[in-house]
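# Summary of structural features
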Amino acid sequence: MNFKNQQLIKASVVIVIMAGIFGALSVTIENIGQATGKLFAICMSIILFGMTAVISMIAGRKPENKNLGIAGIIISGIAFLLVFTLILTEFSNDIFLKIVFSFFISAIAIAHINLLHYFNLQNKYALYARITATTAIVVFSLFIITQVFSPFPNFNSFTGNQAVYKLIIAALIIDLSATLLVPLCNNLEVAKPTELTFNEEHDSTGEENISAE
């Protein structure tokens with residue numbers, strides 16, 4: 001996939017501008033009907049999933065992140081198509097709604113991970129923060145999706161699954177705090193440890209031999 005295709009980028013710019021204009025106009029209309037509401041929802045979907053796709057595209061320009069970037073673009077595209085179908089058809093099947101929500105969460109999660117991998121890390125502390133944030137994002141997303149596909153909760157299930165919900169909130173807090181730590185730690189001035197090369201070791205050995213003689 002060519003992340004620098006100018007024709008695709010220009011077409012995307014036009015689409016985003018149109019989505020922004022029509023989305024803004026749709027909320028200024030005096031009598032907002034069903035068609036206007038659908039137009040607003042579609043425009044917001046284009047902007048939202050466009051953001052997640054663009055973040056993945058930019059991060060994917062780095063060779064080591066190419067596969068992750070492609071995955072983010074694909075997931076964002078599928079999520080948009082599902083939401084677009086849902087808006088137009090108003091298909092209210094329970095399983096379909098859960099699938100749509102799962103792709104919505106996945107698109108945001110992968111874009112978040114791609115954003116973290118866009119940074120050029122300068123020290124090990126930033127690396128540890130990124131690993132922690134990535135792990136928390138994955139845990140949070142999986143738990144959310146798992147809960148979505150579980151039977152519809154009632155009061156008893158809420159009280160019985162408190163540990164699960166606490167874990168979800170904890171993962172979210174760790175995710176957000178570790179995300180904040182990545183750029184902060186990346187700006188720390190860390191003294192690099194002295195690294196001995198083979199030549200330096202060889203020279204010191206030679207000096208010892210000379211002194212011994």
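Residues numbered from 1 in each chain as written. Predicted model: local features only at pLDDT ≥ 70, side-chain atom pairs only at ≥ 80, totals over all residues. Heavy atoms only, no water.

### Regarding the confidence of the model for the chain
To keep things clear, this is the line we draw: pLDDT expresses how confident the predictor is about each individual residue, on a scale running from 0 to 100. Contacts are assigned to residue pairs that have any heavy atoms within 4.5 Å of one another.
On average, the chain scores 82 in pLDDT, and the residues at 70 or more come to 81%. Throughout residues 154-159 the model reports pLDDT below 50, and contacts reaching past four residues in sequence, or to other chains, amount to three contacts. Confidence drops under a pLDDT of 50 for residues 193-213, and excluding neighbours within four residues, the segment shows two contacts in the predicted structure.

### Here we look at the nonpolar core
What counts here: Remark: nonpolar core denotes a set of buried residues (Ala, Val, Leu, Ile, Met, Phe, Trp, Tyr, Cys) joined through side-chain atoms within 4.5 Å. Exposure classes here rest on a 1.4 Å probe applied to the protein chains alone. A residue is buried below 20% of its type maximum, exposed above 50%, and partly exposed in between. Numbering of helices and strands runs from the N terminus, with a helix taken as a DSSP run of H or I at least four residues long and a strand as a DSSP run of E at least two residues long.
With eleven residues, the main nonpolar core is built from Ile 42, Phe 49, Ile 75, Ala 79, Leu 82, Val 83, Ile 87, Phe 96, Val 100, Ala 107 and Ile 110. Elements with a minimum of two residues in this core: helix 2 (34-59), helix 3 (66-89) and helix 4 (94-118). The residues touching Ile 87, leaving out its near neighbours within four places in the chain, are Lys 38, Ala 41, Ile 42 and Ser 45.

### Section: the packing of aromatic side chains
Our working definition: Geometry of aromatic contacts follows a simple scheme: Phe, Tyr and Trp rings, the Trp one being its six-membered ring, pair when their centres are within 6.5 Å, and the pair is stacked under 30 degrees between planes, edge-to-face over 60, tilted otherwise.
For the coordinates displayed, the defined rule picks out three aromatic pairs. Aromatic pair Phe 49 and Phe 104: ring centres 6.2 Å apart, planes at 90 degrees, arrangement edge-to-face. Of this pair, Phe 49 sits in helix 2 while Phe 104 sits in helix 4, placing them 55 residues apart in sequence. Owing to a relative accessible area of 4%, Phe 49 belongs among the buried residues under this scheme. Relative accessible area serves as the criterion here: at 26%, Phe 104 is assigned to the partly exposed category. One aromatic cluster is present, formed by Phe 49, Phe 101 and Phe 104 through successive ring pairs.

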